[in-house]
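# Understanding the architecture of this molecule
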Amino acid sequence: FASFTSFLFYVINYANYKLPSFILLIHFIPEIIGFLLAAVAGAVLSVAIMREHWGSNYFKNVIKNAFLMFIISLGCLFIASLLEVFVSKSVIHAII
């Protein structure tokens, strides 16, 4: 993950040296958190489906936790989209 992020910042800085990379962090951080939470929720759910009995209390608890993580990830993605549309756009237009 760290190497991908550093590569992304290198490409952005190389492509357009007028635009600082930290502007993208305004929406990048909640967006990555949302994607990672959704991935973890899916991984936890798939492991529970493979290993647990469908009607057990543990399975129901895992389903609730995975659903909660997925809802939180949707909230993070929604916040990131609002930041990208309103804040990042305004900052980029102010710089350019």
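Located above this text is the structure these notes cover.
So, here is what we can say about the structure in this document. Residue positions are counted from 1 within each chain, in the order its sequence is given. Whole-chain, interface and lining totals are the exception, using all residues; otherwise, since this is a predicted model, local features are given only for residues with pLDDT of at least 70 and side-chain atom pairs are given and counted only at 80 or more. Side-chain metrics in this entry use all non-hydrogen atoms of the structure; hydrogen atoms and water are not considered.

It is worth spelling out the overall build of the protein chain at this point. Across its full length, the protein chain carries three helices and zero strands. Here a helix means four or more residues in a row that DSSP labels H or I, a strand means two or more in a row labelled E, and each is numbered from the N terminus. Along the protein chain, helices and strands appear, N-terminal first, in the series α-α-α. Here the protein chain holds 96 residues, and 21% of them are scored as buried. Relative to all contacts within the protein chain whose residues are 6 or more apart in sequence, the contacts with residues 24 or more apart total 67%. Accessible areas in this description were obtained via Shrake-Rupley with a 1.4 Å probe; residue shielding takes into account the shown protein chains only. Here the protein chain displays about 7000 Å² of accessible surface, and carbon together with sulfur accounts for 74% of that area. Note on exposure labels: buried denotes an accessible area under 20% of the residue type's maximum, exposed denotes more than 50%, and partly exposed covers the range between, all computed with a 1.4 Å probe on protein chains only. Working rule for contacts: check all heavy atoms of both residues, and any pair within 4.5 Å makes them a contact.

A word on a nonpolar patch on the surface. Together, F78, I79, L82, V85, F86 and V87 make up a nonpolar patch on the protein surface, roughly 560 Å² of accessible area in all. Under the relative-accessibility criterion, V87 is labelled partly exposed at 33%. Patch membership needs two things, relative accessible area over 30% and no salt bridge, and members are linked within 9 Å if like-charged or within 5 Å if nonpolar (Val, Leu, Ile, Met, Phe, Trp, Tyr). A pairing counts as a salt bridge when a side-chain nitrogen of Lys or Arg comes within 4 Å of a carboxyl oxygen of Asp or Glu.

What follows deals with the packing of aromatic side chains. Each pair of aromatic rings taken from Phe, Tyr and Trp, with Trp reduced to its six-membered ring, is defined by centres within 6.5 Å and is described as stacked if the planes are under 30 degrees apart, edge-to-face if over 60, and tilted in the remaining cases. This model, assessed by the stated rule, comprises one aromatic pair. Ring geometry for W54 versus F59: centroids 5.2 Å apart, planes at 55 degrees, classification tilted.

With that settled, the discussion passes to the side chain of S73. If you trace the backbone, S73 turns up in helix α3 (residues 57-95). Overall, the relative accessible area of 1% leaves S73 in the buried class. The contacts of S73, once residues within four sequence positions are left out, are G34, L37 and A38.

By themselves these figures say nothing about function.
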